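Now for the letters of each chain:
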Amino acid sequence: MRHFLLFFALLHFCCILQPISGWGDVGHRTVAYLAAKYLTEEGSQLVKDLLSNDEGYDISDAATWADTVKQKRPYTRPWHYIDALDNPPDSCDVAYEADCSDKGCIVSAIQNMTHRVNDDSVDDTQRKEALMFLIHFLGDVHQPLHVEGTARGGNAIKVCFDSRCAQENLHSIWDTDIPHKINGLKHSLKHNDEKDAAAEWAERLYTDNQKRTLIAECSEILKPLKCAMQWVKETNRLNCEFVFKNGIPWLERNNLGEEYYEGAAPIVSEQIYKAAVRLAIWINALAAERISRSRNSFVVQG
Ligand SMILES: *[C@@H]1O[C@H](CO)[C@@H](O)[C@H](O)[C@H]1NC(C)=O
């Protein structure tokens, strides 16, 4: 009996502590490590200045921070997603007015945090938190089920992934199981293994994409809503093109670690890559704006 109760206590514990997050930690850490490779000198400096700390944490720890404060700051939860009221696979679309709740959503959060990073009327701790939120949200905005309202972003669709059946849902396999399988990782990992795996994945994605150019990305940090909506709509389309393509009954019936995984893996890699590039371009633009503003104020002051 006692073991039985303990079992339920643990089950409860697991599922309260790690329910609906964004990409799992490996995905978020990879976005951060890969973005770091595309930062300009000024962009790097901005990250270094804002994240400076004596706890030895790096940009990948900053990327996972937003998930760790959800418990203590429940009002930040809606900032991690937007519940598009569409109907995949038949129709996909996101509308800011209709889909962003009055408690906020990932689009309004990206807007808010973008403004706050360079806002000198907020203190350094707040600017640092704004950057950490941004690093996280630019990851989440590339996870198709973070920009989808159907079945609570896939959380309500129970699925099987390889030998894991009981605890998995469509959302969690996109967050964690698919990224882990791409990297040959076990389901749960220790902190340092996670960082090593993410650093290696970032290196691989960097090499694989070396011949691509980074231009023509939305970088209007003064109009964050425009860029964020562009990213959200693009990611949301993947729900029609792939994520829900065969319909929910099919997803519930099949082992998604097989054929479905083969199709999903390249999409996940591409999304992590895009998130990293866009994050880097975003941070570089924030750093450039900050520098040009301080130059201008020198001129004004004579
Ligand atoms: C912007 O972020 C700050 C700091 O987290 C928060 O207090 C505020 O409510 C946010 N504003 C909006 C409109 O989301």
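Source: prediction; values computed, not measured.

### Some details on the state of the cysteines
Move 1: Here the structure, examined in full by the defined rule, presents four disulfides.
Move 2: Paired through a disulfide, Cys-100 and Cys-105 show a sulfur-sulfur distance of 2.2 Å. When the S-S torsion is -100°, as for the bridge of Cys-100 with Cys-105, the disulfide is left-handed. Here Cys-100 and Cys-105 have matching classes, each one buried.
Move 3: Covalent S-S linkage joins Cys-160 and Cys-165, the inter-sulfur distance amounting to 1.9 Å. Around the S-S axis, the bridge from Cys-160 to Cys-165 shows a dihedral of about 115° and counts as right-handed.
Move 4: Judged by relative accessible area, which is 37%, Cys-165 ranks as partly exposed.
Move 5: Should the bonded cysteines of the protein be numbered as they appear in the sequence, the pairing reads 1-8, 2-3, 4-5, 6-7.

### Re the nonpolar core
Move 1: In terms of nonpolar packing, the biggest core is built from 86 residues, with Ile-82, Ile-135, Leu-170, Ile-173, Trp-174, Leu-256 and Tyr-260 touching the most fellow members.
Move 2: The element contributing the most residues to this core is helix H12 (residues 259-301), with 19 residues.
Move 3: Once you skip the residues sitting within four places of it in the chain, Ile-82 turns out to touch Val-94, Asp-99, Cys-100, Cys-105, Ile-106, Val-107, His-146, Val-147, Glu-148 and Val-232.

### Considerations on the site of the ligand
Move 1: The full set of residues close to the ligand is Trp-79, Asn-112, Met-113 and Arg-116.
Move 2: In the environment of the ligand, an oxygen atom lies 2.3 Å from a nitrogen or oxygen atom belonging to the side chain of Asn-112.
Move 3: Look at the ligand: alone it shows 370 Å² of surface, and the protein chains cover 53% of it.
Move 4: Counted by class, the shell around the ligand contains two nonpolar, one polar and one charged residues.

### Examining the packing of aromatic side chains
Move 1: What the rule picks out here adds up to twelve aromatic pairs.
Move 2: Between Tyr-38 and Tyr-273, the aromatic rings sit 6.5 Å apart at their centres with planes inclined by 80°, giving edge-to-face as the arrangement. Note that Tyr-38 is positioned in the loop between helix H2 (25-36) and helix H3 (41-51) and Tyr-273 in helix H12, a separation of 235 residues in sequence. Comparing Tyr-38 with Tyr-273 shows no difference in burial state: the two are buried.
Move 3: In textbook terms, an aromatic cluster arises when at least three aromatic residues are bridged by ring pairs, as seen for Trp-65, Tyr-75, Trp-79, Phe-133 and Phe-137.
Move 4: Sitting over the face of the ring of Tyr-206, Lys-37 holds its NZ or CZ atom 5.6 Å from the ring centroid.
Move 5: Lying across the ring of Tyr-261, Lys-181 places its NZ or CZ 4.9 Å from the centre.

Basis of the calculations
- Note that residues are indexed from 1 along each chain, following the sequence as it is written.
- Given that this is a predicted model, residues contribute local features only at a pLDDT of at least 70 and side-chain atom pairs are listed and counted only at 80 or more, while totals for whole chains, interfaces and linings are drawn from all residues.
- Each side-chain value is worked out from all heavy atoms of the structure, with water and hydrogens disregarded.
- Pairs of cysteine sulfur atoms within 2.5 Å are what we label disulfides.
- Relative accessibility thresholds used throughout: buried, under 20% of the residue-type maximum; exposed, over 50%; partly exposed, between the two (1.4 Å probe, protein chains only).
- Nonpolar cores were defined as sets of buried Ala, Val, Leu, Ile, Met, Phe, Trp, Tyr and Cys residues, with membership established by side-chain atoms within 4.5 Å.
- The secondary structure listing takes helices from DSSP runs of H or I that are at least 4 residues long and strands from runs of E that are at least 2 residues long, numbered from the N terminus.
- Contacts are residue-level and defined by heavy atoms, with any inter-residue pair within 4.5 Å sufficient.
- Working definition: residue near molecule or strand if any one of its non-hydrogen atoms lies within 4 Å of it.
- For the purposes of these results, a polar contact is taken to be a pair of N or O atoms within 3.5 Å, where, inside protein, one atom must be able to donate a hydrogen and its partner to accept one; residues adjacent in sequence count only when each atom of the pair is a side-chain atom.
- All accessible-area figures derive from a Shrake-Rupley calculation using a 1.4 Å probe, and residue coverage is judged against the displayed protein chains alone.
- Charged residues are taken to be Asp, Glu, Lys and Arg, nonpolar residues to be Ala, Val, Leu, Ile, Met, Phe, Trp, Tyr, Cys and Pro, and polar residues to be all remaining types, Gly included.
- Note on aromatic contacts: the rings of Phe and Tyr and the six-membered ring of Trp form a pair at centre separations within 6.5 Å, being stacked when their planes are under 30 degrees apart, edge-to-face when over 60 apart, and tilted otherwise.
- Only when the NZ atom of a Lys or the CZ atom of an Arg is both within 6 Å of the ring centre and within 35 degrees of the ring normal do we say a charge sits over the ring.

Everything listed is a geometric property; what it means functionally is a separate question.
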